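Below are the chains, spelled out letter by letter.
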Amino acid sequence: MKPTTISPHSLTLNIDTRLDKVIEAFHTQSDLNAIPLIDSNDLAMGIITRRQALDIYTREFGRELNSRKPIRHFMDTAPLIVESITSLEEASYQLTNNISEDLIQEFIVCEQGRYIGIVKTIDLLRTITEQQIRSARYANPLTLLPGNVPISETISRLLLQQANFWVAYCDINHFKAFNDVYGYSQGDAAITVLADVIKAHCDTTTDFIGHVGGDDFIIVFNSKSPESNCAAICQNFQQEVLCLYDKKALEDGGICSYDRRGNSTFYATMSLSIGLVHPDPTKVTSAHAVSALASDAKKEAKKLADGGVYLSRRRH
Ligand SMILES: Nc1nc2c(ncn2[C@@H]2O[C@H](COP(=O)(O)OP(=O)(O)OP(=O)(O)O)[C@@H](O)[C@H]2O)c(=O)[nH]1
């Protein structure tokens, strides 16, 4: 959840606050729609909306019978509570699953159960919409994956947070020959195969997949050791992409095409090279420097005979 989406200064009250004090709070703050209710350990216990409070109060003898009772008797004890690390998409999913008849106007955000703020549903929707427009602007039109700008932004943010992350730079081998022989439409199909294989081996809730362009992809892993994921991506891609070749090419193990100098050359079926780096955020200060590290690792990976993963020892 983006910290800017959360309103930390929203009024909270203890669950033992009397109903008349709650009504008073709604009277004095006309823009207040709901009050989160916490216990003495700051744990979020429930919520009371302006409408719920006024309903109780305006019933016949509602004020006389209830004004001195603690609000815990009347509060919604099962409000939507999400942890601050929850992604916007997951929060939105939980929100839509929680809606019964009324649209939930606000929900509570906690850190390990402790109240830290409230989010207005409208703000969540606005942020998601802005994010979607932004993603669409920078997305690769073929794979719809985020391009260079969001890739750099993601890496800059992780450096700022001094996070433990890995960057994998993926590049297809013998892609040009395949593209030249089978045409760009099949070339696009090979790129799509790679995008699907990468997605299948990443945790899309924590890892970030970017498409630099053409047959180049960047994966930012937050996982512990992504070396095995990268090895599986290479193996899987080499296998999956075979379906794009014809029978003869499969029998020969490759195709004939012209190299950049115009010489007829045999190219084995496509494989994948991945340069993997583990930047040290205390020493690397820019996304640009991380990208240079990843590029160098990819160059080393390209030297491997049938593709594969090159794990760089350089961390800055
Ligand atoms: N189909 C398709 N082809 C593309 C796209 N972007 C770039 N290309 C083509 O990709 C080819 C260049 O890819 P390279 O990565 O240099 O080819 P390679 O044979 O794998 O060479 P190395 O990466 O040096 O191993 C050129 O033929 C480009 O026209 C795209 O979006 N779709």
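Structure shown above.
Residues numbered from 1 in each chain as written. Predicted model: local features only at pLDDT ≥ 70, side-chain atom pairs only at ≥ 80, totals over all residues. Heavy atoms only, no water.

1. Some details on the pairing of strand 6 (residues 114-120)
Then step 1. When strand 5 (residues 106-111) meets strand 6, the two strands line up antiparallel, connected through six bridges. Bridge pairing in strand 6 places Glu 111 opposite Arg 114.
Then step 2. Between strand 5 and strand 6, which pair antiparallel in sequence order, lie two residues; one of them, Gln 112, sits at a positive phi of approximately 50°. (Pairing = 2+ DSSP bridges. Helix = DSSP H or I, 4+ residues; strand = E, 2+ residues; numbered from the N terminus.)

2. Section: the site of the ligand
Then step 1. Residues in contact with the ligand amount to 15 residues; listed here are only the nearest, Ile 172, Lys 176, Tyr 184, Asp 188 and Lys 302.
Then step 2. One of the side-chain N or O atoms of Arg 260 is found 3.0 Å from an oxygen atom in the ligand.
Then step 3. Taking 660 Å² as the accessible area of the ligand by itself, protein coverage stands at 63%.
Then step 4. Broken down by secondary-structure element, the contributors of at least two residues to the shell around the ligand are strand 7 (166-173), helix 7 (175-182) and helix 8 (184-200).
Then step 5. Counting residues per element, the shell around the ligand draws most heavily on helix 8, at four residues.
Then step 6. Its residues assigned to classes, the shell around the ligand comprises four nonpolar, five polar and six charged. (Near = heavy atom within 4 Å. Polar contact = N/O pair within 3.5 Å; in protein donor to acceptor, adjacent residues only side chain to side chain. Areas by Shrake-Rupley, 256 points an atom, 1.4 Å probe, with all protein chains shown as cover. Nonpolar A, V, L, I, M, F, W, Y, C, P; charged D, E, K, R; others polar.)

3. Structural notes on the packing of helix 1 (residues 19-28) against helix 2 (residues 50-58)
Then step 1. For the pair helix 1 and helix 2, the least separation of the axes is 10 Å and the interaxial angle reads 125°. Taken together, the axes of helix 1 and helix 2 lie oblique to each other. Where helix 1 crosses over helix 2, the two elements pack in a sense that is left-handed. Side by side, helix 1 and helix 2 meet where Leu 19, Asp 20, Ile 23 and Phe 26 of the first sit next to Arg 50, Ala 53, Leu 54, Ile 56 and Tyr 57 of the second.
Then step 2. For the contact of helix 1 with helix 2, the residue count by class is seven nonpolar, no polar and two charged. (Axes fitted to C-alpha atoms, helices over the stretch in contact; angles between N-to-C directions. Parallel < 35°, antiparallel > 145°, perpendicular 65-115°, else oblique. Left-handed = near helix turned anticlockwise from the far one by under 90°. Contact = heavy atoms within 4.5 Å.)

4. Things to note about the pattern of salt bridges
Then step 1. Counted under the stated rule, the structure contains 14 salt bridges.
Then step 2. A salt bridge links Glu 24 to Lys 21, with the nearest nitrogen and oxygen atoms 3.8 Å apart. With a gap of three residues between them, Glu 24 and Lys 21 both fall in helix 1, about one helical turn apart.
Then step 3. Given the relative accessible area of 45%, Glu 24 is considered partly exposed.
Then step 4. In this structure, Asp 123 engages Arg 126 in a salt bridge whose closest nitrogen and oxygen atoms are separated by 3.0 Å. (Salt bridge = Lys/Arg side-chain N within 4 Å of Asp/Glu carboxyl O. Buried < 20%, exposed > 50% of the residue type's maximum accessible area, 1.4 Å probe, protein only.)

5. Section: the sheet that holds strand 2 (residues 34-38)
Then step 1. Taken in spatial order, the three strands make up an open sheet running 1-2-3, and their pairing is mixed. The outermost strands of the open sheet, each flanked by one partner alone, are strand 1 (13-14) and strand 3 (44-49).
Then step 2. For strand 1 and strand 2, the ladder comprises two bridges, and the chain directions are parallel. Note that in strand 2 the partner of Leu 13 across the bridge is Leu 37.

6. Re the nonpolar core
Then step 1. Judged by nonpolar contacts, the single largest core of 34 residues is most densely connected at Ile 198, Ile 219, Phe 237, Met 270 and Leu 272.
Then step 2. Tallying contributions element by element places helix 8 first for this core, with seven residues.
Then step 3. Look past the residues within four positions of Phe 237 in its chain and what remains in contact with it is Ile 172, Ala 190, Val 193, Leu 194, Val 197, Met 270, Ser 271 and Leu 272.
Then step 4. Ile 151, Leu 159, Ala 163 and Val 277 belong to the second largest nonpolar core, which has 18 residues in total. (Core = buried A, V, L, I, M, F, W, Y, C linked by side-chain atoms within 4.5 Å.)

7. Points about unusual backbone geometry
Then step 1. Positioned with a positive phi, Leu 144 is a non-glycine residue whose angle comes to about 65°.
Then step 2. We note that Gln 162 has phi near 55°; this positive angle belongs to a residue other than glycine.
Then step 3. Within the secondary structure layout, Gln 162 lies in the loop between helix 6 (148-160) and strand 7.

8. Let's talk about the packing of aromatic side chains
Then step 1. Using the criterion set out here, one finds three aromatic pairs in the structure.
Then step 2. Ring centres of Tyr 182 and Tyr 245 lie 5.7 Å apart, and the angle between their planes is 85°; on these two criteria the pair is classed as edge-to-face. Of this pair, Tyr 182 sits in helix 7 while Tyr 245 is found in the loop between helix 9 (227-240) and helix 10 (247-252), placing the two residues 63 residues apart along the sequence.
Then step 3. Tyr 245 sits in the buried class, given a relative accessible area of 7%.
Then step 4. An aromatic cluster is present here, built from Phe 178, Tyr 182 and Tyr 245 joined pairwise through their rings.
Then step 5. Here Lys 298 stacks its cationic end above the ring of Tyr 169, 4.7 Å away from the centre of that ring. (Phe/Tyr/Trp six-rings, centres within 6.5 Å; stacked < 30°, edge-to-face > 60°. Lys NZ or Arg CZ within 6 Å of the ring centre and 35° of its normal.)

9. Points about the sheet that holds strand 12 (residues 271-277)
Then step 1. The five strands are arranged 8-9-7-12-13 in an open sheet whose pairing can be described as mixed. Looking at strand neighbours, the two that pair on one side only are strand 8 (208-213) and strand 13 (308-311), the edges of this open sheet. The sheet shows a mean angle of 20° between the axes of neighbouring strands, direction not considered.
Then step 2. Where strand 8 lies against strand 9 (residues 216-221), five bridges are found, and the strand directions are antiparallel.

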